[in-house]
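Here is how the chains run, residue by residue.
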Amino acid sequence: MRTHARAVIIGGGVVGCSVLYHLARIGWTDLLLLDKNELTSGSTWHAAGGVTTLNSDANVSRLQKYTFDLYRDLEAATGLSCGIHHNGGIYLAASDGQMDFLKLIHSRARYLKMQTELISVAEAKQRNVLIAEEFFKGALWREDGGYVDPWLVTQAYVAAARAMGAQVQRYTKVTALNQRSDGSWDVTTDKGVIHAEHVVNAGGLWAREVGRQVGITIPLLAYEHHYIVTEPLPELAGLPREIINTSDFTGEIYLRQEGQGALLGTYEQAAVPWAVHETPDDFHNQLLPNDIERISPELERGFRHFPALSKVGLKKIINGPFTFAPDGNPLVGPVKGLQNYWLACGVMAGFSQGGGIGLVLSRWMDRNDPGQDVLAMDAARFGIFATPRYTRIKTEENYRRRFRLAYPNEEMPAARPFRRTPVFDRLRERGAVFGANFGLENALWFAPPGVEPVEEPTYRRSNAFPHVRAECHAVRSGVGLYETSNYAKYEVTGRGARRWLDRVFACRIPKPGRMAIAPMLNPAGRIMGDLSIATIAEDRFLIVGSGFAEAFHLRWFWQQSPPDDVFVRSACSTLTGFALSGPQARDVLQALVDEDISNAAFRFFAVREMAVGMSPAVVQRCGFTGELGYEIWVTPDYHLQLHDDLVAAGAAFGMVHYGGRAISSLRLEKNYGSFNKDFRPDYTPGETGLDAFVDFTKNVDFVGRAAAIAEREKGAARRFVTFAVDAPHADAVGYEVVLKDNQPVGHVTSGGYGHWVGTSLAVGYLPTELAVHGAVFAIDILGEHCRAVVTARPLHDPDGLRLRG
Ligand SMILES: Cc1cc2nc3c(=O)[nH]c(=O)nc-3n(C[C@H](O)[C@H](O)[C@H](O)COP(=O)(O)OP(=O)(O)OC[C@H]3O[C@@H](n4cnc5c(N)ncnc54)[C@H](O)[C@@H]3O)c2cc1C
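As a starting point, this report considers the structure included with it. Small disclaimer: the values here were computed from a predicted structure and weren't measured.

Rules and cut-offs
Residues numbered from 1 in each chain as written. Predicted model: local features only at pLDDT ≥ 70, side-chain atom pairs only at ≥ 80, totals over all residues. Heavy atoms only, no water. Helix = DSSP H or I, 4+ residues; strand = E, 2+ residues; numbered from the N terminus. Rg over C-alpha atoms; globule rule 2.2 N^0.38 Å. Contact = heavy atoms within 4.5 Å. Areas by Shrake-Rupley, 256 points an atom, 1.4 Å probe, with all protein chains shown as cover. Lys, Arg positive; Asp, Glu negative; His and termini not counted. Charge placed at Lys NZ, Arg CZ, Asp CG, Glu CD. Phe/Tyr/Trp six-rings, centres within 6.5 Å; stacked < 30°, edge-to-face > 60°. Buried < 20%, exposed > 50% of the residue type's maximum accessible area, 1.4 Å probe, protein only. Lys NZ or Arg CZ within 6 Å of the ring centre and 35° of its normal. Pairing = 2+ DSSP bridges. Axes fitted to C-alpha atoms, helices over the stretch in contact; angles between N-to-C directions. Near = heavy atom within 4 Å. Polar contact = N/O pair within 3.5 Å; in protein donor to acceptor, adjacent residues only side chain to side chain. Salt bridge = Lys/Arg side-chain N within 4 Å of Asp/Glu carboxyl O. Core = buried A, V, L, I, M, F, W, Y, C linked by side-chain atoms within 4.5 Å.

Secondary structure summary: the chain contains 19 helices and 38 strands in total. Against the 2.2 N^0.38 benchmark of 28 Å for 805 residues, the chain shows a C-alpha radius of gyration of 27 Å, consistent with a compact globule. In terms of principal-axis extent, the alpha carbons of the chain reach across some 80 × 65 × 50 Å. Contacts spanning at least 24 positions in sequence make up 73% of the contacts within the chain whose residues lie at least 6 apart. Just so you have it, the chain exposes about 29,200 Å², and 51% of that area is on carbon and sulfur atoms. Taking the average place of the 83 positive charges on the side chains of the chain and the average place of its 89 negative ones, the gap between the two points comes to 3 Å.

The structure is reproduced here in structure tokens:
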């Protein structure tokens, strides 16, 4: 038994084996993978092996494409087969909404350089003779994808890793993990103790239990899942090639050829979680009892949509468990507070995603940087709100919706309302339609009296459109009130706080009483955050950022090792607030404060503690709408009172409540990018324009400094731009392709309608040489090539006079 390894990977399913291979490939040869049983004996062995390259997140799609392409490389490197059936795939649409979805992913695929084509149902039938055409409206064909053999793929990963020096030890169970003071780990197994610098939890069905060994609760749960394999189908006999892998959204079915029969799997509505509290330790190479009754509604639909299947018997029925995170994407990356501990679990599509997970995790472990944007699979997208009960409810929703479309404006209803601020009921009484961000309810828009506060899910403009327009106009012409509690807030205090912040952030740290836009970079010079820092006192700072990134940023702060005289604390649940925006915002606030807040006395980007109405507050003069604005922060016990005081003072000025949808519109009119959508760890200061806020002159070696300077000297390869778009029916939502002479040249990161300026808007990236004011492009929005003109200066208040006035 070995006693030392640079990294111990716990779990020999397809994910752990991919991590092993990728670490070996970058030169980490002193590797040991442990499995408590046979390789693949968890979820992996009974998978259907289907591979698809398209995902609702473009960056995950890219990693899925990498995974698919990797199988050929693995075969070449090892001489072993992965059992690849390169059949490609089709998605069948049965409604206009589903057709819109296919058009959107076709546009995205062009940006991702993947081969897709919108085809007729008749053409789809040529590729899959089993389809009953009358149920469908159209289809999307994709070149990539097919299926692989689960066992062969895993063996190929291991063989390739072994050839590079990595080792695998089966029938060795990890029973305890103890961290030494230097951050390395004692990995206790039933065969002895191994000292490892790094530990990877790729425990699949048992990842929760492996997590408990270090005291963490991993938000995942396994679900039972069936597929059936039919007896040989006469329709398939003699065909020159296998039928194409087929996804049927309405049937909630996937189907592919298996031998001369068909394999049909379904995500049934009667979803059944498995091993809710504890995965049985001895559940290896086992299946669960079949429950055909449970999946019969979906099977009946499947037999109607693919009628040949009903004419033959069933050869095999498989019911096996595999794990899901609350949103269905994997849980990958480091864990705050646990040095050198890595997650690679919650993977519900190991054959589509396993390669990409291994790739990014190996880079992350090697250089503390996954090398590309992986926010959609980063475990830090969940915080402590993802309790086991929450996970139970959300994973069930996710399982049941696995083959349903998620519309861009759709808010998933399960486990809601959950996290609520004190004004939740007040806002609901005013017609608020809520969304959830990091589990916290926030108002998206307000339905006026007489209008039902419900938004129809669509890829086009929804019923919210006129109401959001009214909110935008009220903000631009009068004053509006927005609840900001869903922004993430952090307090950094202590004697060493300024010094530490100076190193962590690329901007100048403001003087007391002032605030600044604060880009945060990683060592490679990529954007880790676009926050604001307000210096309340010389040793007290309030940092505000994106709500969804709370755990992501807290983990990053922890990784920047605050010294003993610096205290970093999340204020996400301990500070609640409002933004006042609009030309009359000052009048409303002045009515509630004794201090002079005239422009001369309380300038743009000032911050001050003051009483607002009855409540002690911190007030910042800033906002995200491009208007004169204030952000007011109080502890939750004052939140309701603050709201009521603001409403009372605002009544004289016709103040309205506005929501997140209006913010999206108002900020696009100002060419403002937003972290998560537009600014992500794929982009740099020069590309995003955040270089304007980087202090290149400060005498501090801030994180990412060398890379930012190198980029400034060389020039950014692409630029963040705003487009005014001729889009009569629908607005861009993100990752649509930007075309020049029908060739892909760029992509959209977000879009919407500019209600004040009266045009559809999109923001995204273009090569620098093309990012010229007035240049004309086309954006493929739901199949229409819409004229898109670069507007280098914001269409609204280009000189920023209103927010400074
Ligand atoms: C019926 C069915 C059909 C599926 N079809 C597809 C499909 O078509 N396409 C697709 O991409 N995915 C499919 N999947 C999902 C796929 O199987 C999973 O995504 C994948 O297997 C997850 O692999 P894993 O490595 O994360 O976990 P697992 O395969 O569960 O492996 C975890 C390993 O960790 C080991 N382990 C756990 N704890 C310890 C410990 N303490 N010490 C040592 N070792 C430990 C276990 O022994 C096990 O071997 C399907 C799943 C099912 C059930």
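Next up on the list: the packing of aromatic side chains. The tally for this structure, following the rule as stated, stands at 37 aromatic pairs. Summarising the aromatic geometry, the rings of Y223 and Y399 are spaced 5.5 Å apart at their centres and angled 20° between planes, so their arrangement reads as stacked. On the criterion of sequence distance, the pair formed by Y223 in strand β12 (residues 221–230) and Y399 in helix α9 (residues 388–400) is long-range, its members being 176 residues apart. You'll find Y223 and Y399 in the same group, each marked buried. Sitting above the plane of the W28 ring, R6 keeps its charged end 3.7 Å from the centroid. For the cation-ring pair, K36 lies above W206, with the distance from its terminal atom to the ring centre recorded as 3.8 Å.

Here we take up the pairing of strand β11 (residues 192–201). Note on strand geometry: in a regular strand, side chains alternate between the two faces of the sheet. Burial analysis of β11 places seven of its 10 residues in the buried class, which makes it a mostly covered element. As paired elements, strand β1 (residues 4–10) and β11 share six bridges and run parallel to each other. Bridge pairing in β11 links I10 to N201. Both strand β10 (residues 185–189) and β11 contribute to a ladder of five bridges, which runs antiparallel. Considered in β11, the bridge of T188 is made with V193. Hairpin connection of β10 to β11: two residues between the antiparallel strands. Here β11 pairs with strand β19 (residues 338–345) via three bridges, running parallel. Across the sheet, residue V199 finds its bridge partner in β19, namely Y341.

Right, let's get into the sheet that holds strand β27 (residues 567–570). If you trace the five strands from one edge of the open sheet to the other, you get β24-β25-β26-β23-β27, paired in antiparallel fashion. What marks the edges here is a single partner per strand, and that holds for β24 (515–521) and β27. Across this sheet, the average inter-strand angle for adjacent strands is 25°, counted without regard to direction.

This part is about the site of the ligand. The ligand sits among 39 residues. The nearest are D35, T44, G50, V347 and F351. At 3.0 Å, a backbone N or O of K36 approaches a nitrogen atom of the ligand. A distance of 3.2 Å separates an oxygen atom of the ligand from a polar backbone atom of G49. About the coverage of the ligand: the protein hides 97% of its 1,000 Å² of free accessible area.

Attention now moves to the pattern of salt bridges. Inspection of the entire model under this criterion finds 43 salt bridges. Where D378 meets R555, a salt bridge forms, and the shortest distance between an N and an O atom there is 2.6 Å. One end of the pair, D378, is in the loop between α8 (350–367) and α9; the other, R555, is in helix α13 (residues 550–559), with 177 residues separating them in the sequence. Like R555, D378 is buried. Note that E687 and R718 form a salt bridge whose closest N and O atoms lie 3.3 Å from each other.

Looking now at the sheet that holds strand β22 (residues 480–483). Strand order in this open sheet of six strands is β29-β30-β31-β28-β22-β32, and the pairing throughout is mixed. Because the sheet does not close on itself, it has two edges, and the strands there are β29 (607–612) and β32 (656–657). The strands touched by helix α15 (residues 636–650) are β22, β28 (576–581), β29, β30 (615–620), β31 (629–634) and β32; relative to β28, the strand with the most contacts, the crossing angle is about 20°.

Now for the nonpolar core. Membership of the largest hydrophobic core comes to 119 residues, with the highest contact counts inside it found for V187, Y341, F505 and F723. Sorting elements by how many residues they give to this core places helix α3 (residues 96–111) first, with seven residues. Look past the residues within four positions of Y341 in its chain and what remains in contact with it is L177, W185, V199, N201, V210, G211, V214, I216, G333, P334 and V335. Listed in part, the 49 residues of the second largest apolar core include I9, V15, V60 and A160.

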